[in-house]
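Fold and geometry: a report
Listed below, chain by chain, are the residues.
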Amino acid sequence: MTSRDALPALRPVDTSGDGGRTVMIDPAEVARLSGHVRDLIDALGLDRSDPNLERTHERVAEMYLEMFHGLKEGAEPEVTTFPNDEHYSHMVMEKDIPFYSMCSHHFVPFYGNAHIAYIPEDRIIGLSKFSRILEFYAKRPQLQERLTEQVVNFLEEKLSPRGAMVVIEARHLCVEMRGVKKPGALTVTSAIRGAFHQRPVREEFLDLLRRS
Ligand SMILES: [Zn+2]
């Protein structure tokens, strides 16, 4: 048994991977969750006296709290929008934004890249916000289809753009490690709004995507 005293103190965890965003992991939450993980380890018949398993329930609990941080109240990124003073009316695109998420069905990771674009109307946002928005929705038990829709909906709500499009390409470990076992298979999802329903606009998006 581990006493509360042995648990790590409240500590910052960088959830963005780029040093840009930290969250605090609460030891009380780690203690509550780790008890359940310990039960799972016991139910699997594993020997927790093995030094490699001794603190695994605490590490797993901490890890889940970090990976599901997007569910926390206040986790939604502050997105400041700016007036489109230049009347920029072309596509703004950020491509190859890496992300990591957890499949809702199996609690194993799916990960890959997102490509996000919009055509402004009256408002624009800073480019760094794309990855923050993506991360917020990725840090929770998730489905790739839903993640794609949530990102495009967020842009639509905050910016009311002329159009927006999100494409996500991801590998799902639940597909690669188990079941049908298809290593390297890529799942691609897309969501479009507004002007991106027009074929030439979509083609411009895909053309920008192909360029290295
Ligand atoms: Zn899955």
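Quick note: structure is the one above.
Notes on the structure follow.

Analysis parameters
- Residues numbered from 1 in each chain as written.
- Predicted model: local features only at pLDDT ≥ 70, side-chain atom pairs only at ≥ 80, totals over all residues.
- Heavy atoms only, no water.
- Pairing = 2+ DSSP bridges.
- Helix = DSSP H or I, 4+ residues; strand = E, 2+ residues; numbered from the N terminus.
- Contact = heavy atoms within 4.5 Å.
- Axes fitted to C-alpha atoms, helices over the stretch in contact; angles between N-to-C directions.
- Donors = N, O, S within 2.8 Å, 3.2 Å for Na, K, Ca; no water.
- Buried < 20%, exposed > 50% of the residue type's maximum accessible area, 1.4 Å probe, protein only.
- Polar contact = N/O pair within 3.5 Å; in protein donor to acceptor, adjacent residues only side chain to side chain.

With that settled, consider the sheet that holds strand S5 (residues 109–119). Read across the open sheet, the 5 strands follow the order S7-S4-S5-S8-S9; overall the sheet is mixed. Of all strands in the sheet, those with a lone pairing partner are strand S7 (141–142) and strand S9 (187–194), marking the two edges. Pairing between S5 and strand S8 (residues 163–172): 10 bridges, direction antiparallel. Looking at S8, one finds that alanine 114 is bridged to isoleucine 168. Of the strands in this sheet, strand S4 (92–103), S5, S7, S8 and S9 touch helix H4 (residues 144–159), which is tilted by about 25 degrees from S9. Against the sheet, helix H6 (residues 199–210) makes contact with S4, S5, S8 and S9, and its axis sits at roughly 75 degrees relative to S4, the strand it touches most.

Distances from the zinc ion to its protein donors, namely Cys103 (SG), His106 (ND1) and Cys174 (SG), fall within the range 2.1 to 2.2 Å. Site description for the zinc ion: donor spacing in sequence, C-x2-H-x67-C. Of this pair, cysteine 103 sits in strand S4 while cysteine 174 sits in helix H5 (residues 173–176), and the two are 71 residues apart along the sequence. We classify cysteine 103 as buried; its relative accessible area is 6%. With relative accessibility at 8%, the residue cysteine 174 sits in the buried group.

For the rest of this paragraph, the subject is the side chain of threonine 189. Looking at the secondary structure, you find threonine 189 in strand S9. One polar contact links threonine 189 to glutamine 144, side chain to side chain, over a distance of 3.0 Å. Not counting chain neighbours up to four residues away, the residues in contact with threonine 189 comprise Gln144, Glu145, Thr148, Val166, Val167 and Ile168.

This is a description of form; function is not addressed.
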